[in-house]
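Here is what each chain is made of, one letter per residue.
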Amino acid sequence: MTMKCKKTLRGMTLIEMIIAIVLMGIAMVMFSTALIPQIKDASTSHYQSRAIALGHSMMSQILARNFDHYYDDNGGMLRCGESGADACSPLGRDGETSPSAFNDVDDYIGCWYTENTQNSCPSGIEKYQLSDVVGNGADSSYINFRVEVAVETTELEGSVPKMKQVKLDVFAGSALAISLVGYRGNY
């Protein structure tokens, strides 16, 4: 008679399981720390391109306006501030209430915000909704974006301002800021 030996199958012990779990945990930590910076950096280029597109859109709208409220946009011979013409108006809005009524570049001065960035506008600066300039989809298309517009008169020739410098600071999120500068001449 022959005897058959029974093979016994043995599983992992508790200590072997704990060691395996610890090694897998260490491997996951190393993998995630190597992957997370790339994920964060991948969104930066997307925010940059959207911020630049928003800045160009606003700058185009602003520079399409006249130099000054009293500017003769019919191709007249006189610039504001010259003899025989009205004096140039002070910087800021001249009674216009909406971007569709804006007639000169300095009407845009202020902080243009979306719903969730209103509180990040600096104090002491006028606040306006970005959707008034870009359209009703601004709150969903430009989440965490805001634009600060500043206008300065440059190089005075006598009492006649020659140029207005328009500076846009586009903020996308908390870390990304892009500045654009354009000039509108008093021709």
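Look up a bit, the structure's there.
Residues numbered from 1 in each chain as written. Predicted model: local features only at pLDDT ≥ 70, side-chain atom pairs only at ≥ 80, totals over all residues. Heavy atoms only, no water.

Okay, a nonpolar patch on the surface next. Together, M12, L14, I15, M17, I18, I19, V22, L23, I26 and M30 make up a nonpolar patch on the protein surface, roughly 1,000 Å² of accessible area in all. With respect to the helices, strands and loops of the structure, M12 is situated in the segment before α1 (14-63). (Patch = residues over 30% accessible without salt bridge, like charges linked within 9 Å, V, L, I, M, F, W, Y side chains within 5 Å. Areas by Shrake-Rupley, 256 points an atom, 1.4 Å probe, with all protein chains shown as cover. Salt bridge = Lys/Arg side-chain N within 4 Å of Asp/Glu carboxyl O. Helix = DSSP H or I, 4+ residues; strand = E, 2+ residues; numbered from the N terminus.)

Let's shift gears to unusual backbone geometry. One non-glycine residue, N144, lies in positive phi territory at about 70 degrees. Turning to its location among the elements, N144 is positioned in the loop between α3 (138-141) and β3 (145-157). On the accessibility criterion, N144 (32% relative accessible area) is partly exposed. (Buried < 20%, exposed > 50% of the residue type's maximum accessible area, 1.4 Å probe, protein only.)

Residues L54, M58, W112, V147, V149, V166 and L168 are the most contacted members of the largest nonpolar core, which totals 24 residues. Elements represented by at least two residues in this core include exactly α1, β3, β4 (160-172) and β5 (176-185). Looking at this core, the element that brings in the most residues is α1, giving 5 residues. If we ignore the near neighbours within four places in the chain, the residues touching L54 are L130, V134, Y142, F145, V147 and V170. (Core = buried A, V, L, I, M, F, W, Y, C linked by side-chain atoms within 4.5 Å. Contact = heavy atoms within 4.5 Å.)

What follows is about the environment of Q165. Within the secondary structure layout, Q165 lies in strand β4. Each C-alpha atom, one on Q165 and one on V181, is 6.9 Å from the other, the two residues being 16 residues apart in sequence. Apart from the residues within four sequence positions on either side, Q165 is in contact with A150, V151, E152, T154, V181, G182 and Y183. A polar contact is formed between the side chain of Q165 and the side chain of Y183, at a distance of 3.1 Å. (Polar contact = N/O pair within 3.5 Å; in protein donor to acceptor, adjacent residues only side chain to side chain.)

What follows concerns the packing of aromatic side chains. Using the criterion set out here, one finds 6 aromatic pairs in the structure. Judged by centre distance (4.9 Å) and plane angle (35 degrees), the ring pair of W112 and Y128 falls under tilted. You can see W112 sitting in strand β1 (residues 110-113) and its partner Y128 sitting in strand β2 (residues 127-129), a full 16 residues away along the chain. Looking at Y128, the relative accessible area reads 15%, which means it is buried. Members of the aromatic cluster, connected to one another through ring pairs, are F102, Y108, W112 and Y128. A cation over a ring is seen here: R146 above F171, with NZ or CZ 4.0 Å from the ring centre. (Phe/Tyr/Trp six-rings, centres within 6.5 Å; stacked < 30°, edge-to-face > 60°. Lys NZ or Arg CZ within 6 Å of the ring centre and 35° of its normal.)

Another aspect to go through is the side chain of R146. Along the chain, R146 turns up in strand β3. Only 3.1 Å separates the side chain of R146 from the side chain of E148, close enough to count as a polar contact.

Here we come to the side chain of D169. Examined against the element boundaries, D169 turns out to sit in strand β4. For the buried D169, which has no salt bridge, the nearest side chain bearing the opposite charge is K167, at an N-O separation of 4.0 Å. Ignoring sequence-local partners within four residues, the contact set of D169 consists of R146, V147, E148, I178 and S179. (Lys, Arg positive; Asp, Glu negative; His and termini not counted.)

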